Amino acid sequence: MNIPFIDLKTQYKEIKDEVQKGIDNVLEHGAYIMGPEITELEEKLADFCGVRHGVGCGSGTDALLMALMAFGVGPGDAIFTTPFTFMATAEAVALLGATPVFVDIDPKTYNMDPEDLRRKIAEVSDRRSELKPKGVIAVDLFGQPADYDRIAPLSKNHGLFLVVDAAQSFGATYKGRSVCSVGDIACTSFFPAKPLGCYGDGGMCFTNEPELDKLLRSVRIHGMGDNKYENVRLGINGRLDSIQAAVLLAKFAIFPGEIEKRQAVADRYNELLAGVADLTTPYVEEGNTSVWAQYSLLARDAEHREECMAKLSEAGIPTAIYYPKPLHLQKAFADLGYAVGDLPVCEGIGARIFSLPMHPYLEVEVQEHIASVLKG
Ligand SMILES: *Cc1c(COP(=O)(O)O)cnc(C)c1O
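Residues numbered from 1 in each chain as written. Predicted model: local features only at pLDDT ≥ 70, side-chain atom pairs only at ≥ 80, totals over all residues. Heavy atoms only, no water.

(A) Spotlight on the layout of surface pockets. The computed volume of the largest pocket comes to approximately 470 Å³. For the lining of the largest pocket, the secondary structure elements donating two or more residues are helix H3 (60–70), helix H4 (88–95) and strand S8 (185–189). Of the residues contributing to the lining of the largest pocket, the split by class is 13 nonpolar, 10 polar and three charged. Each of two domains, domain 1 (8–103 + 110–252) and domain 2 (255–375), supplies a minimum of three residues to the lining of the largest pocket. (1 Å grid on protein atoms, 1.4 Å probe; cavity = no way out; pocket = protein on both sides within 12 Å on 5 of 7 lines; lining within 4 Å. Points joined across faces, edges and corners; volume = space filled by probe spheres on them. Helix = DSSP H or I, 4+ residues; strand = E, 2+ residues; numbered from the N terminus. Nonpolar A, V, L, I, M, F, W, Y, C, P; charged D, E, K, R; others polar. Domains from an automatic or database assignment.)

Structure (structure tokens):
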């Protein structure tokens, strides 16, 4: 049995004709950059999220960078975020010369802990530091929304912007609303392995604010003003390709159905693995939905995790660890001066977590096989 971690081939079979048609169309009309597919996709996805504006861009990383640039982030600014995420979240902050301030995570959801956020904001505000609190980037890890009812008011009361890193959570809901409608700007990624992915790199920013929409569109194309050769600020080359937008339009047509399938796969894992000694199945906050970018289990300890992963590997079942090294302990951020033990919850979870194969086309028998290996 060849078990993929994420099965994009089965999905491709479902949408092959539509993808082909979409790509052919771009090749025929020739608007490879900023073609009509971009606007169509932006409108459709913004609609789906119940948000006024969508701004397509080159990747999830570009989406974060553009959002921070729209808020004028620069040296001296403190941006509060989680260390339990992909590099890009904090990298975008540091690329602009600003300082990521890492906030510990909730031990059940693995998302930013609002209590620690309150502490870290107070610390930066109080101490006679050169840093000025400027914004918050919350991450919806593994597809589950962060605690926005507590994070949003905290941000607002301190005059901080709130960016939602929805790279893993596009399609998830927070108390009935799309996660992309929750903050000032939400950023998502269309990297192939994300819940909604294209066949290359891609991303999008979402906002309800017309002024932010304008800034994002300007930053996306080298800080353009009224026309391409009028540059009113610094920006980047952050455009989404027309061909990738065409791919996404085809994939988006089956995306709502895929969200349901993902939920069914997660439910089945939960059932099959309920009560297995020393393994904690994922916890999703009541009232919210996850899109299950990952299905992650918590082992008893690092040694137990190693045993579980070895057993699965011997049975030909791929697993992965997100994330083996938290960002505050990465060499790239060594100059921030963090040490082991500074963010204990994140470090503890990081030593125990691992993820199982997860995608909408995972079959019952395969899931049963995976569960039996884990139980054996
Ligand atoms: C994937 C990811 C990104 C970056 O997206 P790219 O499209 O790969 O640039 C940012 N943040 C999180 C949480 C991610 O998972």
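Text resumes after the structure shown.
(B) Inspection of helix H6 (residues 148–157) at higher detail. Among the residues of H6, those classed as buried are Tyr148, Ile151, Leu154 and Ser155. An end-on view of H6 places all buried positions within 140 degrees of arc, on one side of the element. Along H6, the residues that are exposed and aim more than 90 degrees away from the buried face are Lys156 and Asn157. Contact partners of the buried residues in H6: helix H5 (114–126), strand S4 (132–139), strand S5 (161–165) and strand S6 (173–174). Trailing H6 by a residue or two, Gly159 shows a phi angle of about 70 degrees, which is positive. (Buried < 20%, exposed > 50% of the residue type's maximum accessible area, 1.4 Å probe, protein only. Arc of directions from axis to C-beta. Contact = heavy atoms within 4.5 Å.)

(C) Highlighting the site of the ligand. Taken together, 15 residues surround the ligand, and among them Gly60, Thr61, Asp165, Ser189 and Lys194 come closest. Taking Gly60, its main chain carries an N or O atom lying 2.7 Å from an oxygen atom of the ligand. In the complex, 93% of the free accessible area of the ligand, which totals 380 Å², lies under the protein chains. If you map the ligand onto the pockets, it falls in the largest pocket. For the shell around the ligand, the elements supplying multiple residues, two or more each, are H3 and H4. Ranked by residue count, the leading element in the shell around the ligand is H3, at three residues. (Near = heavy atom within 4 Å. Polar contact = N/O pair within 3.5 Å; in protein donor to acceptor, adjacent residues only side chain to side chain. Areas by Shrake-Rupley, 256 points an atom, 1.4 Å probe, with all protein chains shown as cover. Sits in = over half its atoms within 2 Å of the grid points.)

(D) Expanded view of the nonpolar core. Among the nonpolar cores identified, the biggest contains 49 residues, and Leu45, Phe80, Leu117 and Phe206 are the most heavily contacted of them. Here the element with the most residues in this core is helix H8 (residues 242–273); it accounts for eight residues. A domain-level breakdown of this core finds at least three residues from each of domain 1 (8–103 + 110–252) and domain 2 (255–375). One finds Met66, Ile79, Ala88 and Ala98 within the second-largest nonpolar core, a separate group that totals 28 residues. (Core = buried A, V, L, I, M, F, W, Y, C linked by side-chain atoms within 4.5 Å.)

(E) Layout of H5. Here H5 is 13 residues long and its end C-alpha atoms lie 18 Å apart, about the 18 Å a rise of 1.5 Å per residue gives. Turning to H5, its buried residues number three or more, namely Pro114, Asp116, Leu117, Lys120, Ile121 and Val124. Down the axis of H5, the smallest arc covering the buried residues is 150 degrees, so these residues share one side. Contact partners of the buried residues in H5: strand S2 (77–81), strand S3 (99–102), S4 and H6. Near the N-terminus of H5, the side chain that reaches the backbone nitrogen of Glu115, with its oxygen 3.0 Å away, is that of Asp113. (Expected span 1.5 Å × (residues − 1).)

(F) Layout of the domain arrangement of the protein. As assigned here, the protein comprises domain 1 (8–103 + 110–252) and domain 2 (255–375). On a C-alpha basis, the centres of domain 1 and domain 2 stand 24 Å from each other. Domain 1 puts 40 residues into the contact, and the matching count from domain 2 is 33 residues. Both sides together, the interface formed by domain 1 and domain 2 hides about 3,000 Å², and carbon and sulfur atoms give 66% of it. Between domain 1 and domain 2 we count zero salt bridges in total. Connecting domain 1 to domain 2 are 14 residue pairs in polar contact (both at pLDDT 80 or more). Elements represented by at least two residues in the side of domain 1 that touches domain 2 include exactly helix H1 (8–29), H4, S3, H5, S6 and H8. Ranked by the residues each element gives to the side of domain 1 that touches domain 2, the list is headed by S3, at four residues. Of the residues assigned to the side of domain 1 that touches domain 2, the class counts are 21 nonpolar, 12 polar and seven charged. (Buried area = accessible area lost by both parts, 1.4 Å probe. Salt bridge = Lys/Arg side-chain N within 4 Å of Asp/Glu carboxyl O.)

(G) Spatial organisation of a nonpolar patch on the surface. A cluster of nonpolar side chains, namely Leu27, Tyr32, Ile33 and Met34, defines an oily patch on the protein surface of about 380 Å² accessible area. Positionally, Met34 belongs in the loop between H1 and helix H2 (36–49). (Patch = residues over 30% accessible without salt bridge, like charges linked within 9 Å, V, L, I, M, F, W, Y side chains within 5 Å.)

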